Amino acid sequence: QQPVQSPQAVILREGEDAVINCSSSKALYSVHWYRQKHGEAPVFLMILLKGGEQKGHDKISASFNEKKQQSSLYLTASQLSYSGTYFCGTEMSTGNQFYFGTGTSLTVIP
Amino acid sequence: DSGVTQTPKHLITATGQRVTLRCSPRSGDLSVYWYQQSLDQGLQFLIQYYNGEERAKGNILERFSAQQFPDLHSELNLSSLELGDSALYFCASSRSLGLAYTGELFFGEGSRLTVL
């Protein structure tokens, strides 16, 4: 039931773009994205509720394809502060178990 | 500061022992989630409580148990500890039962358990 993320790791130079994918084998009710810096707790980025929904948050945005049970996180013009591990989180129905994906380590270098 | 408090922050113990991790959720939050994160690994969902009742179970071992008390704080009990139980244990809270409408989970700083 744990969603699978790809890629597992990515290294970017400042200013480059990245896409992180999250895929579930089960139908999804909502998809959430979190970022975790090394040694810290995960921090919420955004939530997507409806199929086809897209959201933006500064230069970080995401989409949710309900039919494909997939979500993608888009990071544009990456900054050093974007480094960390990104997790998607999924609920199959409201109040159900909340599973985090396998994680994607993102490193932005100067 | 997320408002979620976890104690202890660090704990070192021996195999076969039992420990209790404590979590105080944000004021007003009724849901508490427990996650296990082994070294450089993902966040494994263990269990969820809502207003004192167990609501969802994940990959929680039989040696582990949890409860949420009337004052809404929660405890995770780990017994017959093994080396592989060494991990960072996170507690997270949210306002309501589901996350779709309230959105985010607020995480504590975690309790790092080392089993020697």
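Bear in mind the structure is a predicted one, so any value in this text is a computation, not a measurement.

Each value, and the rule that gives it
Residues numbered from 1 in each chain as written. Chains lettered and ligands numbered in written order. Predicted model: local features only at pLDDT ≥ 70, side-chain atom pairs only at ≥ 80, totals over all residues. Heavy atoms only, no water. Pairing = 2+ DSSP bridges. Helix = DSSP H or I, 4+ residues; strand = E, 2+ residues; numbered from the N terminus. Axes fitted to C-alpha atoms, helices over the stretch in contact; angles between N-to-C directions. Disulfide = S-S within 2.5 Å. Buried < 20%, exposed > 50% of the residue type's maximum accessible area, 1.4 Å probe, protein only. Salt bridge = Lys/Arg side-chain N within 4 Å of Asp/Glu carboxyl O.

Student: Give me the sheet that holds strand β8 (residues 74–78) of chain B: which residues, what numbers.
Tutor: Two orientations exist for strands paired in a sheet by backbone hydrogen bonds: parallel and antiparallel. Residue and element names in this part refer to chain B. On the basis of which strands lie adjacent, the open sheet formed by four strands has the order β1-β3-β8-β7 and antiparallel pairing. At either margin of the open sheet sits one strand with a lone partner, and together these are β1 (5–7) and β7 (64–68). On average, each strand axis in the sheet is inclined to that of its neighbour by 15°, with strand direction left out of account.

Student: An account of the state of the cysteines is needed here, citing residue identities and associated values.
Tutor: Following the criterion strictly, the structure yields two disulfides over all chains and no others. Across a sulfur-sulfur distance of 2.1 Å, Cys22(A) and Cys88(A) are joined as a disulfide pair. Taking the torsion about the sulfur-sulfur bond, which here is approximately 70°, the covalent link between Cys22(A) and Cys88(A) counts as right-handed. With a gap of 66 residues between them, Cys22(A) in strand β3 (residues 18–23) and Cys88(A) in strand β9 (residues 84–91) connect regions that are remote in the sequence. Across the pair, exposure class does not vary: Cys22(A) and Cys88(A) are buried alike. Between the sulfur of Cys23(B) and that of Cys91(B) lies a disulfide, 1.7 Å long from S to S. Handedness here is read from the sign of the S-S torsion; for Cys23(B) and Cys91(B), about -45°, the answer is left-handed. Of the two residues, Cys23(B) sits in strand β3 (residues 19–24) while Cys91(B) sits in strand β9 (residues 87–94), which places them 68 residues apart along the sequence. Overall, the relative accessible area of 0% leaves Cys23(B) in the buried class. With a relative accessible area of 0%, Cys91(B) lands in the buried category.

Student: Describe the pattern of salt bridges, and please don't skip the residues or the numbers.
Tutor: Residue and element names in this part refer to chain B. Summed over all chains, the structure comprises six salt bridges over all chains. For the salt bridge of Glu82 with Arg63, the shortest nitrogen-to-oxygen distance reads 3.6 Å. Of this pair, Glu82 sits in the loop between β8 and β9 while Arg63 is found in the loop between β6 (53–57) and β7, placing the two residues 19 residues apart along the sequence. What makes Glu82 partly exposed here is its relative accessible area of 44%. Between Asp85 and Arg63 there is a salt bridge, and its shortest N-O distance comes to 2.8 Å. In this pair, Asp85 sits in the loop between β8 and β9 while Arg63 sits in the loop between β6 and β7, placing the two residues 22 residues apart along the sequence.

Student: Tell me about the pairing of β3(A), and please be specific about residues and values.
Tutor: Within a regular beta strand, the side chains point alternately toward one face of the sheet and then the other, so they alternate between its two faces. Residues and elements named next belong to chain A. Taking every second residue as pointing to the same face, the buried face of β3 carries Ala18, Ile20 and Cys22, while none of Val19, Asn21 and Ser23 on the other face is buried. Relative to β3, strand β1 (residues 4–6) is paired through three bridges, and the arrangement is antiparallel. Pairing of Ser6 across the sheet is with Asn21, part of β3. Here β3 runs beside strand β8 (residues 70–75); their pairing, made up of six bridges, is antiparallel. From the neighbouring strand, Ile20 faces β8, where its bridge partner is Leu73.

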